[in-house]
Amino acid sequence: MAADASILTPATPAPPYDAARVRRDFPILATHVSGHPLVYLDSAASSQQPLAVLRAVEDYATHSHANVHRGVHALSQAATAAFEGARERVRRFIAAPSTREIVFVRGTTEAINLVAQAYARPRFGPGDEILITALEHHANIVPWQMVCEQTGCTLKVAPINRRGELLTEELEQLLSPRTRLVAIAHVSNALGTVLPVKRIVDAAHAQGAVVVVDGAQAVPHARVDVRALGADFYAFSGHKMYAPTGIGVLYAREELLGAMPPWQGGGDMIRTVSFEKSTWNELPWRFEAGTPNISGAVGLAAAMDYLEDLGIEAVAAHESRLLALATAELARLPGITLVGTAARKASVLSFTLAGVHAHDLGTILDTQGVAVRTGHHCAMPVMTFFGIPATARASFGCYNTEEDVARFIAAVARAREVFA
Ligand code: PLP
């Protein structure tokens, strides 16, 4: 898929996709909840891990574990090879030009905070502006508010419409030579909206601003090519793309990363240390102080292999079909309001049921073995915009089936009866 093409409607016909077989790769999906086979519709919060990832992590811990970069002994070299091999895997996965631009972090949150503290904070001051959108996750709001407090720069917010679509022209009007940085989601976690990243990147660059893309909800559902997108920084989390928790990636253009001061000090990020002065390591290790999450990186690389073996385009097309099916079925139920009806959506279906708090709805679904997320989804401003405290959110992954959709719809219908 072209980097900025619609995730919902891939240009080429989908290859055959056997979700029932894919499901068998994920042992946890055999779990029963309240006596029902689990229907897992919470992959946007955290996806499950296939055997290939679980085994890669186990294999690493069983045969290759030691600390990286520091040892001359065989295991340390094996661990270093596994860790740096994972970095190369990530580079290929997002088509980054160099492994020097791939920083391992805990997740999207840490990646964005790194950019905020090491790129924005030392450079920005009063009169400068940071531009975000109204549909961001808190991880792409709060770090910028902190920078504004620290430097005196100003936060601007581009609006959305009632369908949950970004008003791109209004965003473009907010851009000016004062805009130093634009931070946008690739896909909204609360609404599923796909943003026109390439268009925004081009408009921001024309004003001399750099662009940070929060790719947490995009990378599991679309082929991302950071070079084609032109993003200066691109952040994502392993645990939303079938890898373990505690590992994520910041892609940063080498030219920018090389000019940034380190943001955390400690082992591995230095070249020399004396009490008078320390000097910094090469990229990307300058930004990886302390012992990294080695097994997490190994798991992330295995998850990328797994996704590419399935075919990212095939997964995306399958999820789009499930989303379209679930949307149509859910909209038929009286009392349901869909929250987020953008023309371009990926994998997320947020909704409310009249007169029922989302948490109560989620609890009733859980008693039927159906796992959905309920709450504000770390996007309180989105809830405020729609005038609601919370939504229930079903989100789809590579292992969901049409049967899952049918069970989900039946569970919501049952909940309507319970609360009638
Ligand atoms: N951005 C988006 C769009 C998300 O959906 C999430 C997680 O839900 C995050 C950022 C934060 O990711 P993490 O908690 O893995 O750092």
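In this text, all values refer to a predicted model and were calculated from it rather than measured experimentally. (Residues numbered from 1 in each chain as written. Predicted model: local features only at pLDDT ≥ 70, side-chain atom pairs only at ≥ 80, totals over all residues. Heavy atoms only, no water.)

Draft legend 1. Local environment of the site of the ligand. With respect to spatial proximity, the complete set of residues near the ligand consists of G107, T108, T109, H137, A139, N189, D214, A216, Q217, S237, H239 and K240. Within the side chain of D214, an N or O atom sits 2.5 Å from a nitrogen atom of the ligand. Compared with its free state, where it exposes 390 Å², the ligand has 85% of that area covered by protein. Taken together, the residues of the shell around the ligand break down into 2 nonpolar, 8 polar and 2 charged. (Near = heavy atom within 4 Å. Polar contact = N/O pair within 3.5 Å; in protein donor to acceptor, adjacent residues only side chain to side chain. Areas by Shrake-Rupley, 256 points an atom, 1.4 Å probe, with all protein chains shown as cover. Nonpolar A, V, L, I, M, F, W, Y, C, P; charged D, E, K, R; others polar.)

Draft legend 2. Structural view of the pairing of strand β10 (residues 248–252). For β10, the buried fraction is high: 5 of the 5 residues fall into the buried class. Residues G248, L250 and A252 point to one face of β10 and V249 and Y251 to the other, with burial holding for every one of them. Bridge count for strand β4 (residues 102–105) against β10 is 4 bridges, and the pairing is antiparallel. Note on β10: the bridge partner recorded for I102 is Y251. Bridge analysis of strand β9 (residues 233–237) against β10 gives 5 bridges, and the strand direction is antiparallel. (Buried < 20%, exposed > 50% of the residue type's maximum accessible area, 1.4 Å probe, protein only. Helix = DSSP H or I, 4+ residues; strand = E, 2+ residues; numbered from the N terminus. Pairing = 2+ DSSP bridges.)

Draft legend 3. Summary view of the nonpolar core. Counting 80 residues, the largest nonpolar core has F104, V182, Y234, F236, L300 and C398 as its most contacted members. Considering every element that reaches this core, the biggest residue donor is helix α10 (residues 294–310), with 11 residues. Looking at which domains feed residues into this core, each of domain 1 (19–46 + 311–419) and domain 2 (54–308) gives three or more. Those residues in contact with V182, other than ones at most four positions away along the chain, are L131, L175, I200, A204, A209, V210, V211 and V212. Counting residues in each nonpolar core, the second largest holds 31 residues, with L114, W144, C148 and V212 among its members. (Core = buried A, V, L, I, M, F, W, Y, C linked by side-chain atoms within 4.5 Å. Domains from an automatic or database assignment. Contact = heavy atoms within 4.5 Å.)

Draft legend 4. How the structure looks around the packing of helix α4 (residues 108–123) against helix α5 (residues 142–151). Orientation of α4 relative to α5, taken along the N-to-C sense of each, is 25°, at an axis distance of 9 Å. With respect to their mutual orientation, α4 and α5 come out roughly parallel. Considering how the two elements wind past one another, α4 and α5 form a crossing that is right-handed. Facing I112, N113, V115, A116, Q117, A120 and R121 of α4, the residues of α5 in contact are P143, W144, V147, Q150 and T151. Its residues placed into classes, the contact of α4 with α5 shows 7 nonpolar, 4 polar and 1 charged. (Axes fitted to C-alpha atoms, helices over the stretch in contact; angles between N-to-C directions. Parallel < 35°, antiparallel > 145°, perpendicular 65-115°, else oblique. Left-handed = near helix turned anticlockwise from the far one by under 90°.)

Draft legend 5. Molecular detail of the pattern of salt bridges. Under the defined criterion, the tally for this structure stands at 26 salt bridges. Notably, a salt bridge pairs D128 with R180, separated by 3.1 Å at the nearest N-O pair. Taken as a pair, D128 in the loop between α4 and β5 (129–133) and R180 in strand β7 (residues 179–185) lie far apart in primary sequence, 52 residues in all. Since its relative accessible area comes to 26%, R180 is described here as partly exposed. Because the salt bridges share partners, they merge into one network encompassing R89, R223, D305, E308 and E313. (Salt bridge = Lys/Arg side-chain N within 4 Å of Asp/Glu carboxyl O.)

Draft legend 6. Main features of helix α14 (residues 402–419). Between the first and last C-alpha of α14 there are 26 Å, a value that for 18 residues agrees with the 26 Å anticipated at 1.5 Å per step. For α14, the full list of buried residues reads D404, V405, F408, I409, A411, V412 and A415. The buried residues of α14 occupy an angular sector of 160° when projected down its axis, which confines them to one face. Those residues of α14 that are exposed and angled more than 90 degrees off the buried face are E402, E403 and E417. (Expected span 1.5 Å × (residues − 1). Arc of directions from axis to C-beta.)

Draft legend 7. Just the sheet that holds strand β17 (residues 391–395), in detail. Pairing in this open sheet of 4 strands is antiparallel, and the strands run β13-β14-β17-β16 from one edge to the other. At either margin of the open sheet sits one strand with a lone partner, and together these are β13 (336–339) and β16 (373–375). Taking each pair of neighbouring strands and ignoring which way they run, the sheet shows an average axis angle of 30°. As paired elements, strand β14 (residues 348–353) and β17 share 4 bridges and run antiparallel to each other.

Draft legend 8. Molecular detail of the domain arrangement of the protein. Here the protein is described as being made up of domain 1 (19–46 + 311–419) and domain 2 (54–308). For domain 1 and domain 2, the distance between their C-alpha centroids amounts to 28 Å. Buried surface at the junction of domain 1 and domain 2, both sides included, amounts to about 3000 Å², of which 56% is carbon and sulfur. The three residues of domain 1 that bury the most area against domain 2 are I312, R344 and F385, which together make up 21% of that side's buried surface. Among the ionic pairs, R223 bridges to E313, the shortest N-O distance being 3.0 Å. Elements that contribute at least two residues to the side of domain 1 that touches domain 2 include exactly α11 (312–331), β14 and α13 (380–386). In terms of residue count, the dominant contributor to the side of domain 1 that touches domain 2 is α13 (6 residues). Along the lines of polarity and charge, the residues of the side of domain 1 that touches domain 2 split into 24 nonpolar, 10 polar and 6 charged. (Buried area = accessible area lost by both parts, 1.4 Å probe.)

Draft legend 9. How the structure looks around helix α3 (residues 74–93). Between its first and last C-alpha, α3 extends 28 Å over 20 residues, near the 28 Å set by a 1.5 Å rise per residue. S76, A79, T80, F83, A86, R87, R89, V90, R91 and F93 are the residues of α3 that are buried. Here the buried face of α3 lies against α2 (51–63), β4, β9, β10, α10 and α11. Two residues or fewer past α3, A95 is found with a positive phi of approximately 60°.

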